[in-house]
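Single-letter residue listing:
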Amino acid sequence: MTSLDAARLSDLFVTTALAVFAAALLAYALAAALPRSRQARARVAVPAGGALVDETRLQPEPVSEPPSRVGRGATALTVAGTILVCLAVVARGVAAGRAPWGNMYEFGLTGSAAVAVAFLAYRRGRPVGSLSAWMVVLVLVLLGLSVTSLYTPVDDLVPVLNSRWLVVHVAAAITAGALFAVGALATVAHLLRQRRTGEEDDQFSELAHTVHLVAFPIWTFAVMAGAVWAENAWGRYWGWDPKETWAFITWVFYAAHLHALSTVGWRRRAGYLALAGFAAFLFNFFGVNIWIPGLHSYAGV
Amino acid sequence: MEATHEEQALGSGQVTRPDSREPAFPPSPRPSELTAWGRWAWRTLTSMRTAIVLLVLLALTAVPGSLLPQRGVASDPAAVANFAREHPDLAPWLDRLSLFNVYSAPWFAAVYVLLLVSMTGCVIPRCMHLWREFRSDPPAAPRHLSRETGHLVGPVERPQDALDAAAGHLEAKRFRVSRTDTEVRAEKGRLRELGNLAFHLSLLVLLFGIAGGKLFGYEGRVALVEGTTFANVSASYDALSPAPWADLAGLEPLELTLDDFSAEFETEGTRLGEPRDFEAAVTYSSDDEGEGSTTIRPNQPLDINGTKFFLTGHGYAPELTVRDGNGDVAASGPTIFLPVDQTFTSDGVIKAPDARPGSLALQGVFLPTAVTGMAVSAYPDQVNPIVELTAYTGDLGLDDGSTQSVFTLDFTDLDQVRGKDGKPWRVSLAPGQTARLPGGLGSVTFDDVSRFANFQIARDPGKEVSLLAAILLLLGLTASLSVPRRRIWVRRNDDGTVEIAGRSLSRRPVPPGELEQLADTLGLSPADAGGRKDQT
Ligand code: HEM
């Protein structure tokens, strides 16, 4: 297979994945609209006289019903779409002969795959309700945006981007970013539901929480790996380049978020702080690359 | 508990009562009591809320520096001057507010210093409290175990041995365990608190590391033409920005020669001309590391005992020989031409003050790939190198003592050399060609083209400390976010039943399998416990 074949294959996978995710979204919408045929018990039956009440699993009365046939179809489509984007990432890597995160299109592509994988991994055995559909929307938007406005043909890297630390740095940043995206989605869902029900905790806040706890150290590592790379490339590990600055702002907002979680009566604000962190992350990805000149801007729009 | 924060389990479905609670802000005392005010101020400063507010402030104050041009930020040294020219009314005000050097502004420093003070004042007492807690036995079980996580009560096979079995099991699981006649109390997860402490204190270490570079380090730049040698003394630098306490007299004794520079560019496709590979072959000799030769590439600096050389750019240095009216060589050798675009259209100046009958200056544009009818180079590599020259005579202004850039001419006392037709004299030369200047002023020969490389030279004595701090930070953070701190209690009731329950002291839940395994070990409700194992 030549590089060109691999690149075409990758594009084909992306197009198919977009279609499959769109179908999944449709199926989720359908599943939500159709009346439930059968209301089944979702919780594990507690045996009579049995004393073991499982409170250790953090599940606040999930309102989960066994998925209808359409619902199961939606899930299958989501899984298929996820596999397709992953294949697209691999094909792109083969085509370029390097890690497929050398320009903005590739960040977007790999990021979409990471979001989908992160969410599916979390979802296993947990009730997430309508969040699945929103996750598909998120992936569709990210992937669609990458294809329509960020697409670049496969190419080699400019020499300064050709570094092992860069591969590590960007991989960590994409992973953390994908988790932040899932966290932001769950946070919005939680804040909306809280406005209606007043509940402090639900499966959304639980999801956001887990995801943020994992994402924060990964983001910390991404920033550090970036600093090591900058030291190797430019002779200083921190120079307040706009990209570095917004990475720092993102980090500080999420640190504030974690503190607010530990502070009585600040749960709601904690949610807003996490969203501020994600906004800073997004701005770093889109705004800084496109509008602000800096040492990083040769990464190729 | 003295520490000014609350702990609250935030996992849903699980309520952990904090050991202590703190009011939103400490109540303010009567104004007459000065020490009380001081204490109130300190409490407020070290409260968790203040920490959050300061963190948000830190994020917000970092923003303007990314939107406005900054002094001393690498991308474009002229950015601030350009901005000031475009916004002459606004710029002085922004400057007064330190908005062109945000990250060394007093208000930015105020935020992070307050934050670090707050953090230290918050974390140190918390440590001492934890230290005391860890040295004493795990606390007694709450009276109503049924309100705790994973509560389980039931008959066991051998009630008299149950507590021993539980203690043994928990000890084997590396819990800290103490027991009474009726209770086993166990706690685990100290690592979380240690991690939290290590993480916060590493921020102070990081500050030291950063300060090391900011106070004792330096950064400089030099452009070297192939074949030339750089000696590491401050006079050899094209630009040097030392920290206040950098020892410029004691720079690492070393010499570096650029033997050869090669560059590769994309030869086809839409990215035609994009750089693909750079390589600077150098030889060095230093007192400390002897002699050697190596190649410096992007991302592959040369490190000589802490002084590092980074390849940051390159360009062309055409070799021109200028002969004066008498036929004597007035200037020769390679001259650095500064690239002005991606295809290395480059500008340069050759000054020959000693030429006879009068001083001569040449202004040139070098095109590595000249194409007829185009004023700029078509490609960055040398395919059809051409130098275009115009000439001037008169006073070069070199004698009046004022410093002058080698890259520009001061035209005030210069006259342009003109041909017989009265139009400015202008030639295009390919390597090997010679042109005669009109009026017997002399001649100029384009001998050859060399390349030059830009090196960034830096020394940062705080770098290792910063790296250490970063590693500590990451390890501490990971421990503090992933290890749950939790307590488990086992109580034997008078009726022969046994109760177990746990409580998380952190935001991570008590690991689900832990209580079930304990129940298994004790033979407590074996049917149920067995049936649930697949969940864990
Ligand atoms: C200098 C900037 C600071 C940063 C970047 C920072 C970051 C963090 C992070 C990421 C955590 C998460 C660990 C966890 O949730 O368990 C944390 C926890 C904590 N921080 Fe900070 N912090 C800073 C300053 C402070 C200050 C000023 C205070 C006190 C006023 C403080 C007190 C605490 C406490 C008590 C915890 C533990 C919370 C818990 O147990 O849930 N920190 N910090």
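Just so it is clear, the structure is predicted and the values come from calculations on it, not from any experiment.

Considerations on the coordination of the iron atom of the ligand
Move 1: In this structure, H259 of chain A (NE2) and H200 of chain B (NE2) serve as the protein donors to the iron atom of the ligand, at separations of 1.9 Å.
Move 2: For the iron atom of the ligand, the six donor atoms in the first shell make angles of 83 to 179° at the metal, so the coordination geometry reads as octahedral. Here H259 of chain A is found in helix α7 (residues 242–261), whereas its partner H200 of chain B is found in helix α8 (residues 190–216) on a different chain. Of the two residues examined, H259 of chain A and H200 of chain B, each falls in the buried class.

Quick look at the UniProt feature "transmembrane region" (unreviewed entry) in chain A
Residue and element names in this part refer to chain A.
Move 1: In this structure's numbering, the residues bearing the UniProt feature "transmembrane region" (unreviewed entry) are residues 12–34, 74–95, 101–122, 134–154, 166–192, 213–234, 246–266 and 273–292.
Move 2: Along residues 134–154 one finds 76% helix and 0% strand; the C-alpha atoms at either end are 31 Å apart.
Move 3: For the annotated span residues 246–266, helix accounts for 76% and strand for 0% of the residues, and the straight-line distance between the end C-alpha atoms is 25 Å.

Comments concerning the side chain of S450 of chain B
Residues and elements named next belong to chain B.
Move 1: Among the secondary structure elements, S450 is positioned in strand β20 (residues 442–459).
Move 2: Note on S450: relative accessible area 8%, which makes it buried.
Move 3: A distance of 2.6 Å separates a polar atom in the side chain of S450 from a polar atom in the side chain of E319.
Move 4: Excluding residues within four positions of it along the chain, S450 makes contact with V225, E226, Y316, A317, E319 and P334.

So, the sheet that holds strand β5 (residues 229–231) of chain B
Residue and element names in this part refer to chain B.
Move 1: The strand order across the open sheet formed by four strands is β5-β7-β8-β9, and the pairing between neighbours is antiparallel. The sheet terminates laterally at β5 and β9 (290–296), the two strands that pair on one side only. Averaged over all adjacent pairs, the angle separating strand axes in this sheet is 20°, with direction ignored.
Move 2: Sheet topology places strand β7 (residues 254–265) next to strand β8 (residues 275–286); 11 bridges connect them, and they run antiparallel. Within β8, the residue paired with L256 across the bridge is Y284.

Details of the confidence of the model for chain A
Reading fine detail from the predicted coordinates is not recommended where pLDDT is low.
Residues and elements named next belong to chain A.
Move 1: Scored by pLDDT, chain A comes out at a mean of 83, with 85% of its residues at no less than 70.
Move 2: With pLDDT under 50 throughout, residues 37–63 is counted as low confidence; its partners more than four residues away or in other chains account for 48 contacts.
Move 3: In the predicted structure, residues 297–301 sits below a pLDDT of 50 and forms 15 contacts with residues beyond four places in sequence or in another chain.

Let's talk about the side chain of T187 of chain A
Move 1: Tracing the backbone through its elements, the reader meets T187 of chain A in helix α5 (residues 164–197).
Move 2: Among all residues touching T187 of chain A, those that are not within four sequence positions of it are A208, H212, G271 and L275 of chain A.

Things to note about the site of the ligand
Move 1: In the vicinity of the ligand there are 25 residues, among which H259 of chain A together with C122, R192, H200 and R507 of chain B approach most closely.
Move 2: Positioned at a junction of chains, the ligand has nearby residues supplied by chains A and B.
Move 3: Separating a nitrogen atom of the ligand from a side-chain N or O atom of H259 of chain A is a distance of 2.6 Å.
Move 4: Residue S262 of chain A places a side-chain N or O atom 2.6 Å away from an oxygen atom belonging to the ligand.
Move 5: Broken down by secondary-structure element, the contributors of at least two residues to the shell around the ligand are α7 of chain A together with α2 (48–62), α6 (106–135), α8 and α9 (463–482) of chain B.

Section: the UniProt feature "transmembrane region" (unreviewed entry) in chain B
All names here are of chain B.
Move 1: The sites that UniProt annotates as "transmembrane region" (unreviewed entry) are residues 51–68, 105–125, 197–216 and 465–483.
Move 2: Between the end C-alpha atoms of residues 51–68 there is a gap of 27 Å, over a span that is 89% helix and 0% strand.
Move 3: For residues 465–483, the end-to-end C-alpha separation is 27 Å, with 95% helix and 0% strand making up the annotated structure.

Re the environment of F230 of chain B
Residues and elements named next belong to chain B.
Move 1: Here F230 lies in strand β5.
Move 2: Expressed as a C-alpha distance, the spacing of F230 and T257, which sit 27 residues apart in the sequence, is 6.2 Å.
Move 3: The contact partners of F230, leaving out residues within four places of it in the chain, are V222, L224, S236, Y237, L254, E255, L256, F309 and I457.

So, the domain arrangement of chain B
By a frequent convention, interface size equals the accessible area lost on bringing the separate parts together.
Move 1: The domains assigned to chain B are domain 1 (40–130), domain 2 (138–188 + 484–522), domain 3 (217–314 + 456–473) and domain 4 (317–451).
Move 2: Measuring from the centre of the C-alpha atoms in domain 2 of chain B to the corresponding centre in domain 4 of chain B gives 88 Å.

Rules of the game
Residues numbered from 1 in each chain as written. Chains lettered and ligands numbered in written order. Predicted model: local features only at pLDDT ≥ 70, side-chain atom pairs only at ≥ 80, totals over all residues. Heavy atoms only, no water. Donors = N, O, S within 2.8 Å, 3.2 Å for Na, K, Ca; no water. Tetrahedral: all angles 85-135°; square planar, octahedral: opposite > 155°, others 65-115°. Helix = DSSP H or I, 4+ residues; strand = E, 2+ residues; numbered from the N terminus. Buried < 20%, exposed > 50% of the residue type's maximum accessible area, 1.4 Å probe, protein only. UniProt positions renumbered as here; feature names shortened; annotations may be inferred. Polar contact = N/O pair within 3.5 Å; in protein donor to acceptor, adjacent residues only side chain to side chain. Contact = heavy atoms within 4.5 Å. Pairing = 2+ DSSP bridges. Axes fitted to C-alpha atoms, helices over the stretch in contact; angles between N-to-C directions. pLDDT = per-residue confidence, 0-100. Near = heavy atom within 4 Å. Domains from an automatic or database assignment.

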